[in-house]
Amino acid sequence: MRPVDARLYAAVMMQADSELVRLAQSGNQLAFEALVVKYQRRIARHVARYVPIASDVEDVVQEVFLRAYRGLHSFRGDSAFYTWLYRIATNAALSFLRRSPREEQLDDAEEERSNLFEPGVSDGETPERTLMASQIADAVRQGLARMQPELVDALTLFEVEGKSYSDIAQMFDVPVGTVRSRIFRAREVLAKRLEPVLAPQRDRRW
Amino acid sequence: MSQKVSLLLDSQLDADDVAPVLHELGVDDALRDRFTIYGLVGDTLRGVNVPDDGFSKRIFARLHREGVKVEDGFDPLA
């Protein structure tokens, strides 16, 4: 698992989500829900850089999406939707920190950690979530290791390197339709590996 | 339909197909699950492999409970 090149990813995302956002702006609740599901993990990770306690992170992220929903009409598409969300999240996290003295935050974070009886957990995650995150990463890693190389390339070039479908098609001299198919097939392979890992949480997901 | 969900996630779906696929997502639990897992796969590859323990549902519940509406003139960055 490697960090994505932020500039490349932003370039791809700039054009992304426009139809989902347009539908959400016109009152389609499902369109907004799809955007929440798509971005909530990345927004939570961003907020957690500022806010040390998991329960506070969730409160702040909820606030981010509530504010985004209320202000959907103010999003003009001048940036990627994710960039807009990211800025809302930064403001919300900093606003939260201003309301809560740092010493109190650190005391609460320490108390939460000691309640977990798990000294290795240091970022506000519960042991259960940490274990599941590890299992998810392992399942994806093992799935990639057994997958046809052309599927791995298509998926990782898109998701990690930020290449567009047409970039990938050009790189491998294949039609864009082949790239669509490869990315989908790669996801299906990994989804089947993830299903048993995620089964305990099925009822809690969207 | 799962392939269309994959394309929706990547913003590669034809604009005319987005609303029908969203409709299917609204009525098909297995399809919604696919959308969620495909998204998790991408985030995991980017190093953000956090399981969804109902986080999204709690956001939607709060939106509904508080009757949050899209408001003209509200700027969330202000």
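This structure is a prediction, so every number in the text was calculated from the model and none was measured.

A.B. asks: Explain the overall build of chain A to me, please; I cannot follow it from the model alone.
C.D. replies: Looking only at helices and strands, chain A features ten helices and zero strands. Put simply, chain A runs from its N terminus to its C terminus through helices and strands in the order α-α-α-α-α-α-α-α-α-α. By residue count, 38% of the 206 residues in chain A fall in the buried class. For chain A, the share of sequence-separated contacts (at least 6 apart) that also reach a separation of at least 24 residues comes to 66%.

A.B. asks: Explanation requested: the overall build of chain B in the structure shown.
C.D. replies: If you tally the helices and strands in chain B, you get four helices and zero strands. Its helices and strands in sequence order give chain B the pattern α-α-α-α, from N to C terminus. Taken against the 2.2 N^0.38 rule, which gives 12 Å for 78 residues, the C-alpha radius of gyration of chain B at 15 Å runs more than 25% over that of a compact globule. For chain B, the spread of C-alpha atoms along the principal axes amounts to about 35 × 30 × 25 Å. Buried positions account for 44% of the 78 residues belonging to chain B.

A.B. asks: Honestly, the interface of chain B and chain A in this entry has me stumped. Any pointers?
C.D. replies: It is common to give the size of an interface as the accessible area lost on bringing the parts into contact. On the chain A side, the residues contacting the 52 residues of chain B number 61 residues. Secondary structure elements with two or more residues in the side of chain B that touches chain A: helix H1 (2–9), helix H2 (15–27), helix H3 (29–45) and helix H4 (55–65) of chain B. Ranked by residues supplied to the side of chain B that touches chain A, first place goes to H3(B) with 14 residues. Grouping the amino acids of the side of chain B that touches chain A by side-chain chemistry returns 25 nonpolar, 13 polar and 14 charged.

A.B. asks: Sorry, what's going on with the environment of A:Val21 here?
C.D. replies: Residues and elements named next belong to chain A. Mapped onto the elements, Val21 comes out in helix H2 (residues 18–25). Separated by 52 residues in sequence, Val21 and His73 have C-alpha atoms that sit 9.6 Å apart. Every residue in contact with Val21, bar those within four places of it in the chain, is listed here: Phe75 and Phe81.

A.B. asks: Sorry, what's going on with the packing of H1(B) against H2(B) here?
C.D. replies: Packed helices, taken two at a time, are described by the angle their axes make and the gap between the axes. Residues and elements named next belong to chain B. Packing of H1 against H2 leaves a shortest axis separation of 10 Å and a crossing angle of 115 degrees. Helix-helix and strand crossings are classified by hand; for H1 and H2 the assignment is left-handed. Residues Lys4, Val5 and Leu8 of H1 lie in contact with H2, whose contacting residues are Asp17, Val18 and Val21. The class makeup of the residues in the contact of H1 with H2 is four nonpolar, no polar and two charged.

A.B. asks: Whenever I open this one, the environment of A:Gln29 confuses me. Can you help?
C.D. replies: Its location among the elements puts A:Gln29 in helix H3 (residues 29–48). Considered as a pair, A:Gln29 and A:Tyr69 are 40 residues apart in the sequence and their alpha carbons are 9.7 Å apart.

Criteria and thresholds
Residues numbered from 1 in each chain as written. Chains lettered and ligands numbered in written order. Predicted model: local features only at pLDDT ≥ 70, side-chain atom pairs only at ≥ 80, totals over all residues. Helix = DSSP H or I, 4+ residues; strand = E, 2+ residues; numbered from the N terminus. Buried ≥ 20, exposed ≤ 12 C-beta atoms within 10 Å, placed from the backbone. Contact = placed C-beta atoms within 7 Å. Rg over C-alpha atoms; globule rule 2.2 N^0.38 Å. Nonpolar A, V, L, I, M, F, W, Y, C, P; charged D, E, K, R; others polar. Axes fitted to C-alpha atoms, helices over the stretch in contact; angles between N-to-C directions. Left-handed = near helix turned anticlockwise from the far one by under 90°.

What is shown is where atoms sit, not what they do.
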